[in-house]
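# Geometric and topological summary
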Amino acid sequence: MAAHHLLLLALAVALLLPPSATADPDAVQDYCVPDAGARGRPLDPSLLPTYPCRNPSNLTASDFAFAGVRAAGNFSADTGFAGVSVTPAQFPALHTLGVSFARADLSAAGGVNTPHYHPRATETALVLAGRVYAGFVDSGGRLFAKVLEKGEVMVFPKAMVHFQMNVGDEPATVYGTFNSENPGIVRIPATVFGSGIKDGVLEKAFGLDPAELRRLEKRFGPPKTKLSEMED
């Protein structure tokens, strides 16, 4: 009887959990390298679930290897940050495996990966070179941060705001892995000041005067188009 009750409880919890509380769906085959050629055009990440898998007999080791993170991406003049994100869009073999990764490079003397979060994934960050001040803020507003040396790893729980800053004299490199093939990224400064949120909201939320707000909006946006229910 006790086992029966436990089973019912487990089923109830599973039914009540929202989709966002679960990880990527489990694969039903060893792998599924999407066959982009079946549609006669480059791989469209938004249509990944609709692509057929390539025939395993036609795959080679090269299909499961990726060289796109051997070098840094393009550095931002404002932040000294360069990022290379790798999802199935760049590396098709990741499809259905529930993982993705990224390379982050921080220029010397203060390069910053600005506060951001990944709505669909937990991240582990390994410092490959340099000294990096890294941390996250939990939902209670508590900061967990420390300086990481080469070879050290820090974990950023799913959907927690986190950041990294180079505090060494040399460029730093961080390798991040995610437990989702599409972790998503929401950068706080650009999202807040570059998304077209009405001025009155931002002025009251951050105690900004109009001149300060104009300066921030000029740096981070606003975008050319705005999706809003309350356009001016």
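This one's a predicted model, so the numbers in the text were calculated from it and none came from an experiment. (Residues numbered from 1 in each chain as written. Predicted model: local features only at pLDDT ≥ 70, side-chain atom pairs only at ≥ 80, totals over all residues. Heavy atoms only, no water.)

### A short note on the UniProt feature "binding site: Mn(2+)" (unreviewed entry) in the protein chain
In the numbering adopted here, UniProt assigns the feature "binding site: Mn(2+)" (unreviewed entry) to His116, His118, Glu123 and His162. A maximum C-alpha distance of 11.8 Å places the annotated residues, which cover 47 residues in sequence, within one compact spot. Considering the arrangement of structural elements, one finds Glu123 in strand β4 (residues 123–129). If you trace the backbone, His162 turns up in strand β8 (residues 161–166). Taking the relative accessible area as the measure of exposure, His162 reaches 1% and is therefore buried. Once you skip the residues sitting within four places of it in the chain, His162 turns out to touch Thr114, Pro115, His116, Tyr117, His118, Glu123, Gly135, Phe136 and Phe156. (UniProt positions renumbered as here; feature names shortened; annotations may be inferred. Helix = DSSP H or I, 4+ residues; strand = E, 2+ residues; numbered from the N terminus. Buried < 20%, exposed > 50% of the residue type's maximum accessible area, 1.4 Å probe, protein only. Contact = heavy atoms within 4.5 Å.)

### A closer look at a nonpolar patch on the surface
Where nonpolar side chains cluster on the molecular surface, the patch consists of Val147, Met165 and Val167 and spans about 180 Å² of accessible area. Since its relative accessible area comes to 31%, Val147 is described here as partly exposed. (Patch = residues over 30% accessible without salt bridge, like charges linked within 9 Å, V, L, I, M, F, W, Y side chains within 5 Å. Areas by Shrake-Rupley, 256 points an atom, 1.4 Å probe, with all protein chains shown as cover. Salt bridge = Lys/Arg side-chain N within 4 Å of Asp/Glu carboxyl O.)

### A short note on the packing of helix α3 (residues 199–206) against helix α4 (residues 210–220)
Where α3 contacts α4, the two axes come as close as 10 Å, and the packing angle between them is 110 degrees. If you check the angle between α3 and α4, you find them roughly perpendicular. Packed against α3, whose contacting residues are Asp199, Leu202 and Glu203, the element α4 presents Pro210, Leu213, Arg214 and Glu217 at the interface. (Axes fitted to C-alpha atoms, helices over the stretch in contact; angles between N-to-C directions. Parallel < 35°, antiparallel > 145°, perpendicular 65-115°, else oblique.)

### So, the side chain of Asp105
With respect to the helices, strands and loops of the structure, Asp105 is situated in strand β2 (residues 100–106). When its relative accessible area of 5% is taken as the criterion, Asp105 is described as buried. Of note is the side chain of Asp105, whose polar atom sits 2.7 Å from the side chain of Thr173. Setting aside its immediate chain neighbours within four residues, Asp105 contacts Ala72, Phe75, Gly80, Phe81, Ala82, Ala172 and Thr173. (Polar contact = N/O pair within 3.5 Å; in protein donor to acceptor, adjacent residues only side chain to side chain.)

### A closer look at the environment of Gln29
Examined against the element boundaries, Gln29 turns out to sit in the loop between α1 (2–16) and β1 (81–86). Each C-alpha atom of the pair Gln29 and Thr96 lies 8.8 Å from the other, and the pair is 67 residues apart in sequence.

### Quick look at α4
Structurally, the α-helix is built with 3.6 residues per turn, so residues lying three or four positions apart point the same way. All of the buried residues in α4 are Leu213, Leu216 and Glu217. With its buried residues spanning 100 degrees around the axis, α4 presents them on a single face. Pointing more than 90 degrees away from the buried face of α4 are the exposed residues Ala211, Arg215 and Lys218. Looking at the buried positions of α4, the neighbouring elements they touch are α2 (188–193) and α3. For α4, the N-terminal capping position is held by Asp209, with its side-chain oxygen 3.0 Å away from the main-chain nitrogen of Ala211. (Arc of directions from axis to C-beta.)

### Here we look at the side chain of His116
With respect to the helices and strands, the residue His116 is situated in strand β3 (residues 112–117). By relative accessible area, which is 2% here, His116 ends up buried. Looking at His116, its side chain comes within polar contact range of the main-chain oxygen of Thr114, at 2.7 Å.

### Examining unusual backbone geometry
With the exception of glycine, the majority of residues adopt a negative phi angle, and the majority of peptide bonds are in the trans configuration. Phi is positive for Thr96, which is not a glycine, with a value near 75 degrees. Mapped onto the fold, Thr96 is located in the loop between β1 and β2. Phi angles above zero are rare outside glycine, and Ala109 is one such case at about 60 degrees. With respect to the secondary-structure elements, Ala109 resides in the loop between β2 and β3. The class for Ala109 is exposed, based on a relative accessible area of 71%.

### A closer look at the pattern of salt bridges
Using the criterion set out here, one finds five salt bridges in the structure. In this structure, Asp63 and Arg54 form a salt bridge, with 3.1 Å as the shortest nitrogen-oxygen distance. Asp63 sits in the partly exposed class, given a relative accessible area of 22%. The exposure class assigned to Arg54 is partly exposed, which follows from its relative accessible area of 26%. When the shortest N-O distance is used, the salt bridge between Arg131 and Glu149 registers 3.0 Å. Taken together, the residues span a long stretch of sequence, with Arg131 in the loop between β4 and β5 (132–137) and Glu149 in the loop between β6 (143–148) and β7 (153–156) at a distance of 18 residues. Since its relative accessible area comes to 35%, Arg131 is described here as partly exposed. Because the salt bridges share partners, they merge into one network encompassing Asp199, Arg214 and Glu217.

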